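The residues making up each chain are set out below.
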Amino acid sequence: MTATLDFDHKEEDALNPSLVDRVRFAELGTRIEIFREGRYRAFVQDLECVWRWEIHRDDEFVQEGCSLSESSSREAVGHVISFYRRSDLRQSDKDDARN
């Protein structure tokens, strides 16, 4: 079976959110908290074909993604949170330098 790509859609259609984007992550099914430390929390959810992960900072959504397994979700979340923490440290250093 060959895949068919539809290039006839309007450009603005490509920018419209998918059905998954319009549904709140928590309403899609059971999510599992896999990380909680300081300002950050992370959740995963098995969608049968992928594991969806979501990161919150100060209880506000900051990023989401998908991985092929729960363990790869944990690894991805770890990398992303590590990036955000380094960013937080740089911002803290800048704030300290101004004072």
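Let me sum up the structure you'll find in this document. The written sequence of each chain sets the order in which its residues are numbered from 1. Residues qualify for local features only when their pLDDT is at least 70, as the model is predicted, and side-chain atom pairs are given and counted only at 80 or more; totals for whole chains, interfaces and linings, by contrast, use all residues. To get the side-chain values, all heavy atoms of the structure are used, and hydrogens and water are removed first.

1. Some details on the side chain of Ser 67
Runs of H or I in DSSP of at least four residues are treated as helices and runs of E of at least two as strands, each being numbered from the N terminus. With respect to the helices and strands, the residue Ser 67 is situated in strand β4 (residues 60–67). By relative accessible area, which is 9% here, Ser 67 ends up buried. Here a polar contact means two N or O atoms within 3.5 Å. Within protein one must be a hydrogen donor candidate and the other an acceptor candidate, and residues neighboring in sequence count only if both atoms are side-chain atoms. Within the structure, Ser 67 has its side chain in polar contact with the side chain of Trp 53 (distance 3.3 Å). If sequence neighbours within four positions are ignored, Ser 67 has contacts with Val 50, Trp 51, Trp 53, Ser 72, Ser 73 and Ala 76. Relative accessible area decides the class of each residue, using a 1.4 Å probe on protein chains only: under 20% of the type maximum gives buried, over 50% gives exposed, and in between gives partly exposed. Only heavy atoms matter for contacts: two residues are in contact if any of them lie within 4.5 Å across the pair.

2. A short note on the pattern of salt bridges
Working definition: two side chains of opposite charge can pair if their charged atoms are close together. For this document, the term salt bridge refers to a Lys or Arg side-chain nitrogen within 4 Å of an Asp or Glu carboxyl oxygen. Applying the stated criterion to the full structure yields ten salt bridges. A salt bridge links Asp 58 to Arg 39; its shortest N-O distance comes to 2.7 Å. Taken as a pair, Asp 58 in the loop between β3 (51–57) and β4 and Arg 39 in the loop between β1 (32–37) and β2 (40–46) lie far apart in primary sequence, 19 residues in all. Here the salt bridges do not stand alone but share partners, grouping Glu 33, Arg 36, Arg 41 and Asp 59 into one network.

3. Points about the packing of aromatic side chains
Note on ring pairs: Phe, Tyr and Trp rings are taken, using the six-membered ring of Trp, and paired if centres are within 6.5 Å. Classes follow the plane angle, with under 30 degrees stacked, over 60 edge-to-face and the rest tilted. If you walk through the whole model with that rule in mind, you get two aromatic pairs. With a centroid separation of 6.2 Å and 15° between ring planes, the pair formed by Tyr 40 and Tyr 84 is classed as stacked. Of this pair, Tyr 40 sits in strand β2 while Tyr 84 sits in helix α3 (residues 70–98), and the two are 44 residues apart along the sequence. Residue classification places Tyr 40 among the buried residues on the basis of a relative accessible area of 2%. A connected cluster of aromatic rings, assembled from ring pairs, spans Tyr 40, Phe 83 and Tyr 84. For Arg 31, the ring lying beneath its charged end belongs to Phe 43, and the centroid distance is 3.9 Å. Positioned over the ring face of Tyr 84 is Arg 57, at 5.0 Å from the centre of the ring. Throughout this description, the term charge over a ring refers to an Arg CZ or Lys NZ atom that lies within 6 Å of the ring centre and within 35 degrees of the ring normal.

4. So, the nonpolar core
Ranked by size, the top nonpolar core spans eleven residues in total: Ile 34, Tyr 40, Ala 42, Val 44, Trp 51, Trp 53, Ile 55, Val 77, Val 80, Ile 81 and Tyr 84. Looking at this core, the elements that each hand over two or more residues are β2, β3 and α3. Looking at this core, the element that brings in the most residues is α3, giving four residues. With residues near it in sequence (within four places) discarded, Val 44 still touches Thr 30, Arg 31, Ile 32, Ile 34, Trp 51, Arg 52, Trp 53, Glu 70 and Ser 73. Put simply, buried Ala, Val, Leu, Ile, Met, Phe, Trp, Tyr and Cys residues joined by side-chain atoms within 4.5 Å make one nonpolar core.

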